[in-house]
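Residue strings, one per chain:
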Amino acid sequence: MIVYSATKAQFAEDVILNRIESVVSNHYMKKLHRRPPQAEIRSWQNSMRYVKDALEVAQAPDDAQVAIEYQIPQSSKRVDFLISGTDNDGRESLVIVELKQWETVQPTAKDAIVRSFVGGGMRDLTHPSYQAWTYAALIQDYNVAVQTGDIALHPCAYLHNCRDEGILNASFYEKHTRRAPVFLKEDVEQLASFLARHVRHGDQNKTLYRIENSRIHPSKELADHLASLIKGNREFLMIDDQKVVYETALEAATSASSGQKQVLLIEGGPGTGKSVVAINLLVELTTRGKTAQYVTRNAAPRAVYEAKLAGTLTKTRITNLFKNSGAYVGSKTNELDCLIVDEAHRLNEKSGLFQNQGTNQIAEIINAAQMSVFFLDQDQRVTIKDIGDRDEIRRHALAAGAQLTTLELASQFRCNGSDGYLAWINNTLQVEETANKTLSGVDYDFRVLDNPNDLRQLIEDRNTTSTKARLLAGYCWDWKGKKDPNVVDVRLPEHGFEMRWNLDQDGPLWILSPDSVSEVGCIHTCQGLELDYVGVIIGRDLMVRGDAVVTDAAERSSQDRSIHGYKKLLAENPSRAKELADRIIKNTYRTLMTRGQKGCYVFCVDEETNAYFKRVSDRSA
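Reference entry: report on the structure contained in this document. Predicted model only: the values in this text are computed from it and were never measured. (Residues numbered from 1 in each chain as written. Predicted model: local features only at pLDDT ≥ 70, side-chain atom pairs only at ≥ 80, totals over all residues. Heavy atoms only, no water.)

All right, on to the pattern of salt bridges then. The final tally for this structure, using the stated rule, is 40 salt bridges. For the salt bridge of R78 with E40, the shortest nitrogen-to-oxygen distance reads 2.7 Å. One end of the pair, R78, is in strand 3 (residues 78–86); the other, E40, is in helix 3 (residues 38–57), with 38 residues separating them in the sequence. Across the pair, E40 and R78 agree in class, each one buried. Across the pair K308 and E235 runs a salt bridge whose closest N-O atoms are separated by 3.7 Å. Taken together, the positions of K308 in helix 12 (residues 299–310) and E235 in the loop between helix 9 (220–230) and helix 10 (241–257) put the pair 73 residues apart, joining distant regions of the chain. Residue class for E235 comes out partly exposed when judged on its relative accessible area of 39%. One continuous salt-bridge network, built from bridges that share partners, spans R540, R545, D606 and E608. (Salt bridge = Lys/Arg side-chain N within 4 Å of Asp/Glu carboxyl O. Helix = DSSP H or I, 4+ residues; strand = E, 2+ residues; numbered from the N terminus. Buried < 20%, exposed > 50% of the residue type's maximum accessible area, 1.4 Å probe, protein only.)

Below, the structure is given as C-alpha cells:
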C-alpha cells in the first residue's frame, strides 16, 4: 500500500507550495483510517524539501513516479520515499530512500546498530543503510512482480541534517553501506548522481503500480537459501515427538490454506525442543511457498536462532523472517500464511516501547495469519506483564473461529534428559509438589557451592572444554555498568566477589559471545536458550525459612522490568500482587536452573537457603 504517489513534477509542486505534509496527511487518513503522528507530519514537512532539491540537482525526469510511505505487504515496515523510472538501458528501476532527521550519530560495537538522539534520549537504532537494504531484500524476497519483472532495486539512506564524522561510513559498517550507500548533509551531489544513474527516464507509473498490486510469494532464491542453511545442521535435527508435532503442523497448514483458520497450541517444558521444531517449520513452510515468520517477545531467542541458522553473528537477509511479537498491531486479517510463536508464555497485552500500542498480542497474531503456532511453557512466565497462557490462547482462537489443535512435547533433551531433575526443581522451589524430594537416582551434575568465587571458577573450567558454560543470576543488583566495562555490578563483599552484568554491546547475542563467560547474565539474556553448564547465583529475592521457600520482590533491582507495576498492584490488591510476584520469582529461578544440558551449579547469597539446597540435593539421603 502506498500512501502518496505522484509524478516527480507534481511532488515538486506540492513541496514548493508548502502543502506536501497536508497532502500526505490527507492520503494517510483516507488509506489508514487514522491520523498520522505529529512526528511523521514534521518529517514530511522537513525531509521532503531536501529530497526535492536532490531530485532537481539530479535532473530527474518530470514523469518519473514518486511514492511516500509505501507499506511493505505482510510487514509493519513503511519505506519513506521511492522514485521509479528506467535507467539508460531501459530497465525498470526503483530507488528506495530511507530518510533520517538525525543530527549526530554515535557508533556501537553491535552489528548494524548506531546511536542517535531520538524521542528525548540517546537510543540504539538500526544503521540507515542496513534498514534500507532490508526493505529492498524484503521486497525482492516476497514481491512476485520484482522477482519476475526484471525490476532493479537500489536502496540508499539520506541523512540531510547529519554531517560526516566518519561514523556511518566507518569500515565496521561497510558491509551494509556497500549494499545501500548512506548520503549525509554535504553529499547532495553524490546522492543526485546516484539518483540520476538509476532513474533517467519516466515509466508512466508502471513500476510502482506493478509492485503495489503484485502477488506475495517467497522467492525460490530465499527458499533455496533457507533449505541450504538447515541441511546437515545438527542444531536443528528433530527426533521423537518433535517430528510428530512438526508433521502435524504441516498438515494443519494445508487445512489453513483451504480457508479454515488454524491455531496450534504446543506445550513443552525446558529442553523439549520447542525452538528446534519452530525453526524447522519456518524453513519448510517457506520452501513450500508460504509466508511464514518466527516470532518472540524476547529478542534473545530471535537473535540467537537467526545466528545459528545463518551461521554468522552478522545480520543477513533472513533477519526479515524473525519478528517481535508486537509487529502485528494493525495487521490485516490472514495477511500471512503462518506465524510461529516461540516462547509464547512471554507475550504481552500491549506492544510498543511504552506498551501503548495494540490491544492484545495473542489476538493480533491469530488475526494476522491463516495459521498460528504457539509454543508454550506456562512455568516460564517471568514478568507481571506476561499473558501467554493456554486458556488465553484457547479463548482468542475460539473468538477468531479457528480450529484449535493441542499437542505436547514431552521428551526431555536438556538436563541430561532427566524428567526427575525437572520434577525435583519444581518440588524444591515449591512450584508444585512432586515425589522427587532429593536428587537420588538422577543422572545430572548438580552442585551447591559455598563460595561464589568457587562457582565462577567451576564455570570457567567447564567453559574451556565446552565453550558453553555461563554464569547467571537473579536480577537483584542494579545494571550500572551497561556501557562501561570498568563498572562492577554484582558485588558480594563478604566473599570478595565482584563481577559485572553483561555489557550492552553484545545485546541479545550475549550468550554466544566468547567473552561473556567473564560476565553475569540474567533471565532476559538466556530465556529460551540452552548451555552445556550453567552457574546460578540465587539472590535474596528467594530465601528459605524453615521449610518454606519465601520470595520478596523488594529485593529485586528497581531496574528489573519483570516486576514493573508490582508496587501499584501491591497497593490495589496486596494478596494478588504477592501471589503473582511469588510465581514470577520462582519461575525465574526454575528457568535459570534448567538452562544447562549437562549440569547446574548453584550458590545462594543467603546461608540458610544454601544449606537447604545442599540438603535437598543430597543423593545419599
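Here the structure, examined in full by the defined rule, presents 4 cavities of 30 Å³ or more. Considering only enclosed or pocket space, the largest cavity measures out at about 100 Å³ in volume. Residue lining of the largest cavity: 15 residues in total, with P73, Q74, L138, Y142 and I216 positioned closest to the centre. Of all the secondary-structure elements, those providing two or more residues to the lining of the largest cavity are helix 4 (128–142) and strand 11 (292–296). (1 Å grid on protein atoms, 1.4 Å probe; cavity = no way out; pocket = protein on both sides within 12 Å on 5 of 7 lines; lining within 4 Å. Points joined across faces, edges and corners; volume = space filled by probe spheres on them.)

Moving on, we get to the packing of aromatic side chains. Tallied over the entire structure, the rule returns 15 aromatic pairs. Between F172 and Y173, the ring centres sit 5.0 Å apart and the planes meet at 80°, which makes this aromatic pair edge-to-face. Considering the side-chain rings of F183 and F194, the 5.6 Å spacing of their centres and the 55° angle between planes classify their relative orientation as tilted. Of this pair, F183 sits in strand 9 (residues 182–183) while F194 sits in helix 7 (residues 188–198); the two residues are 11 residues apart in sequence, bridging distant segments of the chain. Exposure class is identical for F183 and F194. Each is buried. Taken together, the aromatic side chains of Y421, W424, Y444 and F446 make up a single cluster linked through ring pairs. The side chain of K175 reaches across the aromatic face of F172, ending 5.7 Å from its centre. (Phe/Tyr/Trp six-rings, centres within 6.5 Å; stacked < 30°, edge-to-face > 60°. Lys NZ or Arg CZ within 6 Å of the ring centre and 35° of its normal.)

Here the focus is helix 15 (residues 419–428). Within helix 15, 9 of the 10 residues are buried, leaving the element largely enclosed by the surrounding structure. Those residues of helix 15 that fall on the buried side of the exposure criterion are G420, Y421, L422, A423, W424, I425, N426, N427 and T428. For helix 15, the elements touching its buried residues are strand 16 (445–448), strand 23 (548–551), helix 19 (574–592), strand 24 (596–604) and helix 20 (607–616). (Contact = heavy atoms within 4.5 Å.)

So, about the pairing of strand 24. Counting buried residues in strand 24 gives 7 out of 9 residues, a clear majority hidden from the surface. In this structure, strand 16 lies alongside strand 24, joined through 4 bridges in parallel fashion. Across the sheet, the residue bridging to V448 is V602, located in strand 24. Of the pairings in the sheet, the one linking strand 21 (residues 531–538) to strand 24 comprises 7 bridges and is parallel in character. Paired with V536 across the strands is V602, a residue of strand 24. (Pairing = 2+ DSSP bridges.)

In this section: the sheet that holds strand 21. Strand order in the open sheet made by the 5 strands is 16-24-21-17-20, with parallel pairing throughout. Strands with a single pairing partner mark the edges of an open sheet, and in this sheet they are strand 16 and strand 20 (520–521). Packed on one face of the sheet, helix 20 meets strand 16, strand 21 and strand 24 and runs near 140° to strand 24. (Axes fitted to C-alpha atoms, helices over the stretch in contact; angles between N-to-C directions.)

Right, let's get into the nonpolar core. Residues L309, Y421, F446, Y589, M593 and F613 are the most contacted members of the largest nonpolar core, which totals 126 residues. By residue number, the principal contributor to this core is helix 11 (residues 274–287), which donates 8 residues. Every residue in contact with F613, bar those within four places of it in the chain, is listed here: W424, T428, L429, F446, V448, I538, M593 and C604. Counting 35 residues, the second largest nonpolar core, distinct from the first, contains I20, I83, V97 and L99. (Core = buried A, V, L, I, M, F, W, Y, C linked by side-chain atoms within 4.5 Å.)

With that settled, the discussion passes to the pairing of strand 17 (residues 469–473). Judged by how many residues are buried, strand 17 sits mostly within the fold: 5 of 5 residues are covered. Two strands pair when backbone bridges link them, and strand 17 and strand 21 are joined in this way by 5 bridges, in the parallel orientation. Looking across to strand 21, one finds that A473 is bridged to I537. Note: strand 17 against strand 20, 2 bridges, orientation parallel.

Turning our eyes to something else, we now look at the sheet that holds strand 9. Taken together, the 6 strands give an open sheet; going across it, the order is 1-2-3-4-8-9, and neighbouring strands pair in mixed fashion. The strands lining the two open edges of the sheet, one partner per strand, are strand 1 (2–7) and strand 9. Where strand 2 (residues 65–71) meets strand 3, 6 bridges bridge the pair, whose relative direction is antiparallel. Among the inter-strand pairings, Y70 is bridged to a residue of strand 3, identified as V79. Sitting on the sheet, helix 2 (residues 20–32) is in contact with strand 1, strand 2 and strand 3, with an inclination near 135° to strand 1. Against the sheet, helix 4 contacts strand 2, strand 3, strand 4 (92–100), strand 8 (152–159) and strand 9, and its axis sits at roughly 155° relative to strand 8.

Geometric values such as these leave the question of function open.
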